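Observations on the three-dimensional arrangement
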Amino acid sequence: MRIKEDQKFRNLFWIVDGKKQLATKSIAPGHRVYDEIVRQIKREEYRIWNPYRSKLAAAIYKGLKNFPFRRGTKVLYLGIASGTTASHVSDVIEDDGIIFGVEIAHRVLRDLLGVAKVRRNIVPIMESARRPQSYSWIVSEVDVVYEDVAQPDQASILVKNADIFLRKGGVAMIAVKASSIDVTLPPKKVYRLVEKEVTSTGRYKLLETVDLSPYDPKHAMMVFRKL
Ligand SMILES: C[S@@+](CC[C@H](N)C(=O)[O-])C[C@H]1O[C@@H](n2cnc3c(N)ncnc32)[C@H](O)[C@@H]1O
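These numbers were taken from a predicted model, which means no experiment stands behind them.

**Comments concerning the environment of A220**
- With respect to the element layout, A220 can be found in strand 12 (residues 219-226).
- Sequence separation of A220 and T209 is eleven residues, and the distance between their C-alpha atoms is 6.4 Å.

**So, the sheet that holds strand 2 (residues 13-17)**
- Strand order in the open sheet formed by five strands is 1-2-3-5-4, and the pairing between neighbours is antiparallel. One side of each edge strand has no neighbouring strand; the edge strands of this open sheet are strand 1 (2-5) and strand 4 (38-41). Between one strand axis and the next, the sheet turns by 40 degrees as a mean value, whatever way the strands run.
- When strand 4 meets strand 5 (residues 44-48), the two strands line up antiparallel, connected through four bridges. Within the sheet, the bridge partner assigned to V38 lies in strand 5 and is R47.

**Thoughts on the pattern of salt bridges**
- Going through the model one piece at a time under the given rule, you end up with eleven salt bridges.
- The salt bridge partner of R47 is E36, with a shortest N-O separation of 2.9 Å. Residue R47 is found in strand 5, and its partner E36 is found in the loop between strand 3 (19-25) and strand 4; the two are separated by eleven residues along the sequence. Just as R47 is buried, E36 falls in that class too.

**Structural notes on the packing of aromatic side chains**
- Summed over the entire model, instances satisfying the criterion amount to nine aromatic pairs.
- By way of ring pairs, the aromatic residues F9, F67, F69, Y77 and Y146 are connected into one cluster.

**A short note on the domain arrangement of the chain**
- Here the chain is partitioned into domain 1 (2-50) and domain 2 (56-226).
- One C-alpha centre belongs to domain 1, the other to domain 2; they are set 22 Å apart.
- Taken together, the contact pairs 21 residues of domain 1 with 23 residues of domain 2.
- Around 1,900 Å² of area is buried between domain 1 and domain 2 when both sides are counted, 66% of it from carbon and sulfur atoms.
- Interface area lost by domain 1 to domain 2 is led by F9, I27 and W49, which between them contribute 37%.
- Where domain 1 touches domain 2, the interface holds one salt bridge.
- The salt bridge partner of R47 is D91, with a shortest N-O separation of 2.7 Å.

**Thoughts on the sheet that holds strand 11 (residues 204-211)**
- The mixed open sheet is built from seven strands, whose spatial order is 8-7-6-9-10-12-11. Looking at strand neighbours, the two that pair on one side only are strand 8 (122-126) and strand 11, the edges of this open sheet. Each adjacent strand pair in this sheet contributes to an overall mean axis angle of 15 degrees, direction not counted.
- Each of strand 6 (74-78), strand 9 (142-147), strand 10 (166-177), strand 11 and strand 12 is contacted by helix 4 (residues 154-165), which is oriented at about 165 degrees to strand 10, the strand it contacts most.
- Most of the contacts of helix 6 (residues 187-199) go to strand 12, to which it runs at about 20 degrees, and overall it touches strand 10, strand 11 and strand 12.

Analysis parameters
Residues numbered from 1 in each chain as written. Predicted model: local features only at pLDDT ≥ 70, side-chain atom pairs only at ≥ 80, totals over all residues. Heavy atoms only, no water. Helix = DSSP H or I, 4+ residues; strand = E, 2+ residues; numbered from the N terminus. Pairing = 2+ DSSP bridges. Axes fitted to C-alpha atoms, helices over the stretch in contact; angles between N-to-C directions. Salt bridge = Lys/Arg side-chain N within 4 Å of Asp/Glu carboxyl O. Buried < 20%, exposed > 50% of the residue type's maximum accessible area, 1.4 Å probe, protein only. Phe/Tyr/Trp six-rings, centres within 6.5 Å; stacked < 30°, edge-to-face > 60°. Domains from an automatic or database assignment. Contact = heavy atoms within 4.5 Å. Buried area = accessible area lost by both parts, 1.4 Å probe.

Here it is as structure tokens:
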């Protein structure tokens, strides 16, 4: 078994063991977040990042060019759920970074509280991402807004939050579920509608759209830069 850091992105690793699997180095060894596979290598614990469980991992496997997370990155995460994806981001940004995690559902938030107990860089916020003013007292300016809420108005939720919290030059990422927006349209058309809604504000530029099939069919990761 060999491990190597990604050539482009710091703090992302590939474990090569016949196959090649994406992993992050755990900042909370001994604590699993979901049923992820864990590997001990040279006294460090690495958590395999499953692309079928996380759209961000799927995007990396599909050749994402803009991965805006590194040590110290400040993140606003909309729709953090129980922290599956966020826990890997938490590993990447380490203790110098912070994730403000907004989630509306009580049940998953309860699980997230357990995760945040051992991962001190995650701040759970029980609120609707449609009401950014309600958490503006706790969230500071961030480098990245990441959204995965699977709602019909997901593009407008992204803009609302990024307008308030994202620094100029920062990155806004959205995991678009085409069927949540319009089941009757082909997914590519839905992605173009999202692009239009976000860029027509004149404040964001599209950097890339990554189709997530076969990991998550009819989903795309769209990445914007704030101008
Ligand atoms: C697809 S799941 C997120 C999975 C998670 N991002 C991950 O990869 O680990 C979508 C989440 O968005 C949450 N959600 C939906 N509408 C929301 C809203 N208005 N504000 C905050 N969270 C919302 C749901 O409760 C659900 O937990």
